[in-house]
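Coordinate analysis (summary)
Residues per chain, in single letters:
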Amino acid sequence: MCRSTQPVTKVQVSITIRRASAADREVIYNMICSLENMILDRLGFDAAFDRNIANPSIHYFLAELEGKPVGMVSCHIQPLLHHAALVSEIQEMYVEPEYRSQQVGKALMDHVTRFAKGEGAIQMEVTSRATREHAHRFYQREGFEKSHVKLVRYFKNE
C-alpha cells in the first residue's frame, strides 16, 4: 500500500454567529435536550422559550457552519442591586459534540462577551454543573474565575 507524502490541507470554514429567533425553537430545543442529556418537557420548554424570546433582557445566539446550526449560547442581562450595575449571565451554552475543539465555543464566547459589554454589563457570570469539568476548563481559558459556590434547593424533594 502506498501512502501519499503530500501534506493534508485543512479547509477553514468560517463560523457565523446570529441572533436566534422564534423560528429557531426546534434547533434550540434539541440542543438544550442534548445539553441536559434528557428529553425536556416540551410544553414547559415552549412556555419558557416563548417568554424568553420576547424578553428584551434575554438573548439567544446560534453558531452556524455553512448554514448548519452547531452551537448556541444564551445571555441574560439584568441590573443587580448588589453590583449596582448591569450583569450578564450565560444560562445555557452548547456545541454539538462533533464540532467541539474547533473554535465554535470560542466564537460564541467572543460574540456574547462583545454583546454584553456593548449593552453596558460590567461582568459576565456562568454556572456549570460540577461534573462538567471540560466546560469548567473552557470557561477558565476564556477568563472566568471560580469565585462563588452555587447552592440549590430542589422543591421536588419537599
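Summary of the structure given here. Small disclaimer: the values here were computed from a predicted structure and weren't measured. (Residues numbered from 1 in each chain as written. Predicted model: local features only at pLDDT ≥ 70, side-chain atom pairs only at ≥ 80, totals over all residues. Heavy atoms only, no water.)

1. Some words on the overall build of the chain
For the chain, the count of helices and strands is four helices and five strands. Across its three principal directions, the C-alpha atoms of the chain cover 65 × 35 × 30 Å. Counting contacts in the chain only where the partners sit at least 6 residues apart, residues at least 24 apart contribute 58% of the total. Both charge centroids of the chain, one from 20 positive and one from 19 negative side chains, sit 5 Å from each other. (Helix = DSSP H or I, 4+ residues; strand = E, 2+ residues; numbered from the N terminus. Contact = heavy atoms within 4.5 Å. Lys, Arg positive; Asp, Glu negative; His and termini not counted. Charge placed at Lys NZ, Arg CZ, Asp CG, Glu CD.)

2. Observations regarding the pattern of salt bridges
Inspection of every chain in the model, using the stated rule, returns 11 salt bridges. Between Asp-46 and Arg-42 there is a salt bridge whose closest N-O contact spans 3.0 Å. Residue Asp-46 and its partner Arg-42 are both found in helix 2 (residues 42-53); the two are separated by four residues, about one turn of the helix. By relative accessible area, Arg-42 is classed as partly exposed at 25%. Taken together, the shared-partner salt bridges connect Arg-25, Glu-26, Arg-42, Asp-46 and Asp-50 into one network. (Salt bridge = Lys/Arg side-chain N within 4 Å of Asp/Glu carboxyl O. Buried < 20%, exposed > 50% of the residue type's maximum accessible area, 1.4 Å probe, protein only.)

3. A few points about the packing of aromatic side chains
Per the stated rule, a full pass over the model turns up six aromatic pairs. Consider the rings of Phe-45 and Phe-49, whose centres lie 5.8 Å apart with planes at 15°: the pair is stacked. In this pair, Phe-45 and Phe-49 are both assigned in helix 2, four residues apart and thus about one turn of the helix distant. Grouping aromatic residues by their ring pairs yields a cluster made of Tyr-29, Phe-45, Phe-49 and Tyr-60. Above the plane of the ring of Tyr-29 lies Arg-42, whose end atom (NZ or CZ) is 4.0 Å from the centre. Above the ring of Tyr-154, the side-chain terminus of Lys-156 is found at 5.7 Å from the ring centroid. (Phe/Tyr/Trp six-rings, centres within 6.5 Å; stacked < 30°, edge-to-face > 60°. Lys NZ or Arg CZ within 6 Å of the ring centre and 35° of its normal.)

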